[in-house]
Amino acid sequence: MSLIFDSSVVVRSVDAETLGAGPTTLRLLADSSSTGGHLSTQRVTLLDGANGAAPHHHSRSAELFYLLDGTAQLLSGDQVVTAERGDLVVVPPGLDHAFAAAPGENADILIVITPGVERFEYFRHLERIAYGKVPPESLLDVQELYDTYFTRSAPWDEVRLRTSSG
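To start, this report covers the structure provided alongside it. Because the structure is predicted, anything quoted here is derived from the model rather than measured.

Here is what the cut-offs are and how they apply
- Residues numbered from 1 in each chain as written.
- Predicted model: local features only at pLDDT ≥ 70, side-chain atom pairs only at ≥ 80, totals over all residues.
- Heavy atoms only, no water.
- Patch = residues over 30% accessible without salt bridge, like charges linked within 9 Å, V, L, I, M, F, W, Y side chains within 5 Å.
- Areas by Shrake-Rupley, 256 points an atom, 1.4 Å probe, with all protein chains shown as cover.
- Salt bridge = Lys/Arg side-chain N within 4 Å of Asp/Glu carboxyl O.
- Helix = DSSP H or I, 4+ residues; strand = E, 2+ residues; numbered from the N terminus.
- Buried < 20%, exposed > 50% of the residue type's maximum accessible area, 1.4 Å probe, protein only.
- Pairing = 2+ DSSP bridges.

Let us look at a nonpolar patch on the surface. Taken together, Y66, L68, L88 and V90 make up a surface patch of nonpolar side chains, about 330 Å² in accessible area. For the nonpolar patch, the secondary structure elements donating two or more residues are β5 (62-76) and β7 (88-91). For L88, the position within the fold is in strand β7.

Throughout the structure, instances matching the rule amount to 6 salt bridges. The partner of R60 in a salt bridge is D147, with the nearest N and O atoms 3.9 Å apart. Here the residue R60 occupies a position in the loop between β4 (51-57) and β5, and D147 occupies one in the loop between α1 (120-130) and β10 (149-150), the gap between them amounting to 87 residues. R60 gets classed as partly exposed once you look at its relative accessible area, which sits at 46%. Taking the relative accessible area as the measure of exposure, D147 reaches 0% and is therefore buried. Residue R124 is joined to E121 by a salt bridge in which the shortest nitrogen-to-oxygen separation is 3.3 Å. Of this pair, R124 and E121 both sit in helix α1, 3 residues apart, which is roughly one turn of that helix. On the accessibility criterion, R124 (26% relative accessible area) is partly exposed. Looking at E121, the relative accessible area reads 33%, which means it is partly exposed.

Let's shift gears to unusual backbone geometry. Omega for the peptide link from G22 to P23 comes to 10°, which places this bond in the cis form. Counting through the fold element by element, P23 comes out in the loop between β1 (17-19) and β2 (24-30). A cis geometry characterises the amide bond from T114 onward to P115, with omega recorded as -10°. Position of P115 relative to the elements: it lies in the loop between β9 (107-114) and α1.

Where β5 lies against β9, 8 bridges are found, and the strand directions are antiparallel. Its bridge partner lying in β9, Y66 is registered against L110. Bridging between β5 and β7 involves 4 bridges; their strand directions are antiparallel. Bridge pairing links Y66 to L88 in β7. The pairing of β5 with strand β6 (residues 79-84) spans 6 bridges and is classified as antiparallel. Opposite L74, over in β6, you have V81 as the bridge partner. Of the pairings in the sheet, the one linking β5 to strand β8 (residues 97-101) comprises 5 bridges and is antiparallel in character.

So, in structure tokens, the structure goes:
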């Protein structure tokens with residue numbers, strides 16, 4: 001993938017592909033191919049404490065989370081951070097991370113991965129899992145393709161279990 005692109009990328013809200021209808025909605029904004037490999041970005045809206053992504057890491061890319069609105073919990077290594085509107089969390093390559101809306105809260109998050117990875121098909125794959133069209137373990141077959149390696153996190157499990165049970 002060339003790191004050269006010679007025109008601005010403009011994605012109108014009405015033109016963004018939207019996956020899900022709640023409690024998790026994903027808007028696919030710009031994939032790596034449209035930015036010359038520099039970044040890929042999406043907007044995730046989580047309602048009423050909904051989970052976003054389970055613990056994972058990227059070997060080649062950093063991931064930026066900017067809270068447009070609401071409150072989210074983010075795993076960064078062994079630390080669980082509560083982020084609110086206007087907060088920014090950047091996770092370096094190789095560090096385990098996860099995200100979810102805080103219990104009882106909504107979260108609207110802009111996510112940027114850099115350098116970019118073609119990820120739109122990954123999110124479509126997640127949607128197929130959600131609708132029972134393919135099994136969850138099928139993600140294990142595409143971890144390298146999407147630079148998304150699933151992990152386990154005791155701190156994340158503890159916080160999410162504690163906060164979801166009251």
